[in-house]
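So the chains spell out like this:
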Amino acid sequence: MPPKAKITKKMILDAAFEIVRDQGNEALSIRAIADKLNCSTQPVMYNFTTIEDVRRETYKLADEYHTSYIMPKGDKGYDPLLELGMNYIKFGRDEKNLFRFLFQTNSFAGLNVSDLMADPEGMDMIRMVSGGFGCSEHEAREAFFDLFVAAHGIASLLANNAMEYEEETFRRVLENTYSNLLDR
C-alpha cells in the first residue's frame, strides 16, 4: 500500500486562500480546508493550532496577491498612481471575497492614517509620486492618501454589489481627485 500524501502547510494555506477567494471569509474552517484537501482535520490541526492561525497566514497570502494585482504594470498612457487606483477598483470588482477579507474584517482596527502610510509598499509609491511631480514627501503622502480613499470607496461599493462597474466614470473620479491634488 503506498504511503499517504503528506499535507504541507503550503497546501493548507493554498486551500484556505481558495476557500476565502471562492466562498468568502465566513466559509473558512478547519473542516472546509480538510474537505478541500480530501483529508481529515488532523493534518490541518497539526500545522495550525487554531483557525485564527490559519486566517492570519491566509490574510498574508491574500495581501501579497492583492499587492501584485494592484501594482502598476506600466501600461502606456497611464500615470502610475492613476493606474494603481484603477487596479485597486478592479480588485474590488474582480475579487469581491478577497477584498472583503482584506479590508472589511477589522484588520485595520486600531490603525491610523500614519500607520497605513508607513507601509513599505505605500512608501515606495509616495517616493515615486514625490519624484515624479517634484513635490515634497508630505504633499505626495496627502495625494496618495486622498486618491486611496476615493479608490477604496468605489472598490468597496463594487465588492459589496452596491454598484455596477463603469470604468470611464471611475477613471474620471480618480482623475478629478488627482487633478485637484496637483492644483494645491
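Quick caveat: nothing in here was measured; it's all calculated off a predicted structure. (Residues numbered from 1 in each chain as written. Predicted model: local features only at pLDDT ≥ 70, side-chain atom pairs only at ≥ 80, totals over all residues. Heavy atoms only, no water.)

Peer 1: Lay out the overall build of the chain with the relevant residues and their values.
Peer 2: Within the chain one finds 10 helices and 0 strands. Along the chain, helices (α) and strands (β) appear in the sequence α-α-α-α-α-α-α-α-α-α when read from the amino end. Element-wise, carbon and sulfur atoms account for 53% of the exposed surface of the chain, whose accessible area totals about 10500 Å². (Helix = DSSP H or I, 4+ residues; strand = E, 2+ residues; numbered from the N terminus. Areas by Shrake-Rupley, 256 points an atom, 1.4 Å probe, with all protein chains shown as cover.)

Peer 1: Can you lay out helix α1 (residues 9–23) for me, pointing to particular residues and giving the numbers?
Peer 2: A rise of 1.5 Å per residue sets the reference length of α1, with its 15 residues, at 21 Å; its end C-alpha atoms lie 21 Å apart and thus fit the reference within 8%. When we look at burial in α1, the residues that qualify are I12, L13, A15, A16, F17, I19 and V20. Each element contacted by the buried residues of α1 is listed here: α2 (30–37), α3 (42–47), α4 (51–70) and α6 (96–103). Following α1 by one or two positions, G24 adopts a phi angle in the positive range, close to 100 degrees. (Expected span 1.5 Å × (residues − 1). Buried < 20%, exposed > 50% of the residue type's maximum accessible area, 1.4 Å probe, protein only. Contact = heavy atoms within 4.5 Å.)

Peer 1: Account for the environment of T58, naming residues and giving values.
Peer 2: On the secondary structure map, T58 appears in helix α4. Taking relative accessible area as the criterion, T58 reaches 1% and is therefore assigned buried. Separated by 44 residues in the primary sequence, T58 and D14 have C-alpha atoms spaced 8.0 Å apart. Here T58 is in contact with L13, A16, F17, V20 and F101, once residues within four sequence places are set aside.

Peer 1: Hey, could you go over the packing of α4 against helix α5 (residues 80–94) for me, with residue numbers and the actual values?
Peer 2: Closest axis-to-axis distance for the α4/α5 pair is 8 Å, and the angle between their directions is 130 degrees. What the angle tells us is that α4 and α5 run oblique. Here Y65, H66, Y69 and I70 of α4 come into contact with α5, specifically with L84, N87, Y88, K90, F91 and D94. (Axes fitted to C-alpha atoms, helices over the stretch in contact; angles between N-to-C directions. Parallel < 35°, antiparallel > 145°, perpendicular 65-115°, else oblique.)

Peer 1: Give a detailed account of unusual backbone geometry, specifying residues and quantitative values.
Peer 2: You will see that N38, though not glycine, has its phi angle at about 55 degrees, which is positive. Looking at the element boundaries, N38 is found in the loop between α2 and α3. Of note in the backbone geometry, N161 takes a positive phi value of approximately 60 degrees without being a glycine. Residue position: N161 is located in the loop between α9 (137–159) and α10 (167–182).

Peer 1: Go over the packing of aromatic side chains with me, naming the residues and quoting the values.
Peer 2: Summed over all chains, the structure comprises 11 aromatic pairs. Here Y65 and Y69 contribute two aromatic rings whose centre-to-centre distance is 6.1 Å and whose plane-to-plane angle is 55 degrees, an arrangement assigned as tilted. One end of the pair, Y65, and the other, Y69, are both in helix α4, 4 residues apart, so they sit about a helical turn from each other. Judged by relative accessible area, which is 21%, Y69 ranks as partly exposed. Look at Y65 and F91: their rings are 6.3 Å apart centre to centre, the planes differ by 50 degrees, and that puts the pair in the tilted class. Placement of the pair is Y65 in helix α4 and F91 in helix α5, with a sequence separation of 26 residues. Following the ring pairs from residue to residue traces out a cluster consisting of Y88, F99, F103, F145 and F148. Over the face of the ring belonging to Y165 we find R93, whose NZ or CZ atom lies 4.2 Å from the ring centre. (Phe/Tyr/Trp six-rings, centres within 6.5 Å; stacked < 30°, edge-to-face > 60°. Lys NZ or Arg CZ within 6 Å of the ring centre and 35° of its normal.)

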